[in-house]
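One letter stands for each residue in the lines below.
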Protein chains: 2
Amino acid sequence: MARKVVAKGRARFHRETPEDRRRQLGEAALRCIVKHGNAGVSVRQIAAEAGVTQGLITHHFGEINELVAYAFDIMSEGLLQSLLKAVADAEPTPQKRLDAFINVSFSPMLFDRGVLGVWVVFWGLVLHSPRMSASQQGEYSNYVGAIEGLLGDLAADEGFGIADIRLSAIAFTALLDGLWLAWCLNPASFKPEEGMQLCRNWVEGLRRGAYA
Amino acid sequence: MARKVVAKGRARFHRETPEDRRRQLGEAALRCIVKHGNAGVSVRQIAAEAGVTQGLITHHFGEINELVAYAFDIMSEGLLQSLLKAVADAEPTPQKRLDAFINVSFSPMLFDRGVLGVWVVFWGLVLHSPRMSASQQGEYSNYVGAIEGLLGDLAADEGFGIADIRLSAIAFTALLDGLWLAWCLNPASFKPEEGMQLCRNWVEGLRRGAYA
DNA sequence: ATACTTGTTATACGATCTTATAATTTCACT
DNA sequence: AGTGAAATTATAAGATCGTATAACAAGTAT
């Protein structure tokens, strides 16, 4: 007699652990944001992108802001890992490691309009949400800390002085972010290789004692 | 017999020239964006902020995107004018003029979370709207052009070389924008005076031939 | 097999959004 | 004063949004 009453047409589905589902939803959110920017931040769109119903987002995250914050954390972590991996894979001299950092920063994986688009949405939220701001501060300090290490090693290795490594790392970060922003908003303004050269020039200024 | 049939309570109003009204609406839009970020971009909120009804926006701008683009133009123009005025008011030596540019860039008028908030919203739109992208490109090239002039004058005056002035101006712009972004997202990360110092350090690197 | 936990679907409600359209008032001009 | 153009209000229609709630089903343990 037929099979176990496949109710009036309710959709089949299979369960996932909360951890897996949360990540799927976070990644779907990122895809939506890449595609539509701020307009992509919507329970319905994200649920559709993930192939589930809206209630699931409420169930796993309570409110949508939590999902977005979670997506932000995923993305931050992923990018930082990519950067650190490139550094780790480089020859272990301070110069090569810093070069590797610069090169991967301008590689298509990171120097990308879609990636910036996600970031821009996050920035907008950080300015108005304490929850997002907290995530951003943690992420930023990890990022600056990594650069601090690279610059400090280079200075020690080559024997030049830096008055304030933390501030120098902040400047280098700002330069990278600013170039990334400018290029993504208008890819015709300069070429990625030119951006890399400008970063190397910045380091050359450091080397020549402009920050001592 | 009474007066001219003051209809059943329709609101009084007074007309303005399209030009004035457009500007009022544009400025109301900016205030809304400052207050609520992307969430502030809404016909209803902007109309309320301006003290008019929604239909007026449709009437003057057709669709809301046009209003936002117009607000973007107002804002760009205003900021650039502030910068150029500070330069014009400075003593007419290349060094003083560049210093003035740096100083005003980090003054509370420009180095401000509200201002960045507006910009972030615009960036988000630029990435997804050709109309906004066109405005941004024009604005960006004006900005970089101004810096190009300042840097070129300094190099000529002091007799040091710059391989590519345009690229150097792009880097300096990126540094300014990056510092602005970082500080607004997290004002605890560094002090505006430190940001100014980092800009001067960058110029010192230029002076020492790091970009030659 | 049966029951239980909970991940998941389904659905509804109220708010807000954009855009379109019609009615009305203001103001400049004759 | 009266007329006409258009700036402005008023209102409605249809989408979409976020969240709450209840029913259902999948998988685990008993």
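- Going by an unreviewed UniProt entry, chain A carries the name AcrR family transcriptional regulator and comes from Ensifer adhaerens.

Let's talk about the overall build of chain A
Then, number 1: When you go through chain A residue by residue, the secondary structure sums to nine helices and zero strands.
Then, number 2: Counting from the amino terminus, chain A carries its helices and strands in the arrangement α-α-α-α-α-α-α-α-α.
Then, number 3: A compact globule built from 212 residues should have a C-alpha radius of gyration of about 17 Å, whereas chain A, at 21 Å, is more than 25% larger.
Then, number 4: Across its three principal directions, the C-alpha atoms of chain A cover 85 × 35 × 30 Å.
Then, number 5: Going through the 212 residues of chain A one by one, you find that 51% of them count as buried.
Then, number 6: Excluding contacts between residues fewer than 6 apart, the proportion of contacts in chain A whose partners are at least 24 apart in sequence is 65%.

So, the relation of the copies chain B and chain A
Then, number 1: With an RMSD of 0.1 Å, the fit of chain B onto chain A corresponds to turning through 180° and sliding 0.0 Å along the axis. Both chain copies can therefore be described as sitting about a two-fold axis.
Then, number 2: With an isologous cut-off of 70% or more, the 100% of interface residues of chain B that recur at the interface of chain A puts this contact in the isologous class.

Some remarks on the domain arrangement of chain A
All names here are of chain A.
Then, number 1: By domain assignment, chain A separates into domain 1 (15–62) and domain 2 (68–207).
Then, number 2: Listed as interface residues are 13 residues of domain 1 and, on the opposing side, ten residues of domain 2.
Then, number 3: Together domain 1 and domain 2 conceal approximately 930 Å² of surface at their shared face, both sides included; 83% is due to carbon and sulfur atoms.
Then, number 4: The three residues of domain 1 that bury the most area against domain 2 are R23, L30 and I33, which together make up 46% of that side's buried surface.
Then, number 5: At the junction of domain 1 with domain 2, the criterion picks out zero residue pairs in polar contact (both at pLDDT 80 or more).
Then, number 6: In terms of residues, the side of domain 1 that touches domain 2 owes the most to one element, helix α1 (residues 18–36), which gives nine residues.

With respect to the pattern of salt bridges
Then, number 1: Enumeration over the complete set of coordinates arrives at 18 salt bridges over all chains.
Then, number 2: Of the charged contacts in the structure, one is a salt bridge between R131 of chain B and E66 of chain B, with a shortest N-O distance of 3.3 Å. With R131 of chain B in helix α7 (residues 130–158) and E66 of chain B in helix α4 (residues 64–89), this pair connects stretches of sequence that are 65 residues apart.
Then, number 3: By relative accessible area, which is 31% here, R131 of chain B ends up partly exposed.
Then, number 4: Using a relative accessible area of 29% as the deciding quantity, one classes E66 of chain B as partly exposed.
Then, number 5: A cluster of three or more residues bridged by salt bridges with shared partners is formed by E158, E204, R207 and R208 of chain A.

A short note on the interface of chain B and chain A
Then, number 1: Listed by partner, the interface residues are 45 residues for chain B and 45 residues for chain A.
Then, number 2: Between chain B and chain A, a total of about 3800 Å² is buried, with carbon and sulfur atoms accounting for 68% of that surface.
Then, number 3: Sorting the residues of chain B by area buried against chain A places L127, L185 and R208 of chain B first, and these three jointly supply 17% of that buried surface.
Then, number 4: Linking chain B to chain A there are zero salt bridges.
Then, number 5: Among the secondary structure elements, those contributing two or more residues to the side of chain B that touches chain A are α1 (18–36), α6 (113–126), α7, α8 (165–185) and α9 (192–207) of chain B.
Then, number 6: Ranked by residue count, the leading element in the side of chain B that touches chain A is α8 of chain B, at 13 residues.
Then, number 7: Looking at the side of chain B that touches chain A, its residues break down into 23 nonpolar, 16 polar and six charged.

Digging into the state of the cysteines
Then, number 1: Within this structure, the stated rule accounts for zero disulfides over all chains.
Then, number 2: In this structure C199 of chain A is not part of a disulfide, and its nearest cysteine sulfur, from C184 of chain A, lies 13 Å away.

Overview of the packing of α7 of chain B against α8 of chain B
Residues and elements named next belong to chain B.
Then, number 1: At a closest axis distance of 8 Å, the pairing of α7 and α8 adopts a crossing angle of 110°. Accordingly, the angle class assigned to the pair α7 and α8 is roughly perpendicular. In this structure, α7 crosses over α8, and the sense of that crossing is right-handed. Between α7 and α8, the residues in contact are Y140, Y143, V144, I147, E148, L151 and G152 and I165, R166, S168, A169, I170, F172, T173 and L176, respectively.
Then, number 2: Residues of the contact of α7 with α8, tallied by class, amount to ten nonpolar, three polar and two charged.

Some details on the environment of G152 of chain B
All names here are of chain B.
Then, number 1: The residue G152 is located in helix α7 in this model.
Then, number 2: By relative accessible area, G152 is classed as buried at 17%.
Then, number 3: The sequence separation of G152 and P108 amounts to 44 residues, and the corresponding C-alpha distance is 27 Å.

Some details on the side chain of Q136 of chain B
Then, number 1: For Q136 of chain B, the position within the fold is in helix α7.
Then, number 2: For Q136 of chain B, a relative accessible area of 5% corresponds to the buried category.

Observations regarding the confidence of the model for chain A
Then, number 1: Scored by pLDDT, chain A comes out at a mean of 95, with 96% of its residues at no less than 70.
Then, number 2: Counting contacts from residues 1–7 of chain A, a segment whose pLDDT is below 50, to residues more than four positions away or on other chains yields zero contacts.

Observations concerning α7 of chain B
Then, number 1: The end-to-end C-alpha distance of α7 of chain B, which contains 29 residues, comes to 42 Å, matching closely the 42 Å that a straight helix rising 1.5 Å per residue would cover.
Then, number 2: Looking one or two residues past α7 of chain B, G159 of chain B carries a phi angle of roughly 75°, positive in sign.

Considerations on the environment of F101 of chain A
All names here are of chain A.
Then, number 1: Its place among the elements puts F101 in helix α5 (residues 94–105).
Then, number 2: Considering only alpha carbons, one finds F101 and A88, 13 residues apart in sequence, at a separation of 9.5 Å.
Then, number 3: Not counting the four nearest positions on each side in its chain, F101 is found in contact with L83, V87, Y143, I147, L150, F172 and L176.

What counts and what doesn't
- Note on numbering: residues in each chain are counted from 1, in written sequence order.
- Going through the entries in the order they are written, you letter the chains from A and number the ligands from 1.
- Whole-chain, interface and lining totals are the exception, using all residues; otherwise, since this is a predicted model, local features are given only for residues with pLDDT of at least 70 and side-chain atom pairs are given and counted only at 80 or more.
- In computing side-chain properties, one takes all heavy atoms of the structure into account and sets aside hydrogens as well as water.
- Numbering goes from the N terminus for both helices and strands, where a helix is a DSSP run of H or I of at least four residues and a strand is a run of E of at least two.
- C-alpha atoms define the radius of gyration in this analysis, and the globule rule sets the expected value at 2.2 Å times the number of residues to the power 0.38.
- Classification of residues uses two cut-offs on accessible area relative to the type maximum, computed with a 1.4 Å probe and protein chains only: under 20% is buried, over 50% is exposed, and between them is partly exposed.
- Note on contacts: a residue pair qualifies if any of its non-hydrogen atoms lie within 4.5 Å across the two residues.
- Copy-to-copy alignment: least squares on C-alpha atoms, limited to residues at pLDDT 70 or above in both.
- Residue ranges assigned to each domain were obtained from an automatic or database domain assignment.
- The buried area of a pairing is the accessible area, by a 1.4 Å probe, that goes missing from both parts when the two are put together, added over both.
- For the purposes of these results, a polar contact is taken to be a pair of N or O atoms within 3.5 Å, where, inside protein, one atom must be able to donate a hydrogen and its partner to accept one; residues adjacent in sequence count only when each atom of the pair is a side-chain atom.
- Just to be clear on terms, a salt bridge is a Lys or Arg side-chain nitrogen sitting within 4 Å of an Asp or Glu carboxyl oxygen.
- Polarity classes work like this: nonpolar for Ala, Val, Leu, Ile, Met, Phe, Trp, Tyr, Cys and Pro, charged for Asp, Glu, Lys and Arg, and polar for all others, with Gly in that last group.
- By definition, disulfides here are pairs of cysteine sulfur atoms that lie within 2.5 Å.
- All axes here are fitted lines through C-alpha atoms, helices being fitted over the stretch that makes contact, and every angle between N-to-C directions spans 0 to 180 degrees.
- Angle categories: roughly parallel below 35 degrees, roughly antiparallel above 145, roughly perpendicular from 65 to 115, and oblique for all the rest.
- Throughout, a crossing is termed right-handed when the near helix is turned clockwise from the far one, and left-handed when it is turned anticlockwise from it by less than a right angle.
- Think of pLDDT as the predictor's per-residue confidence, scored from 0 to 100.
- Expected span of a helix, by definition, is 1.5 Å for each gap between consecutive residues, and there is one gap fewer than residues.

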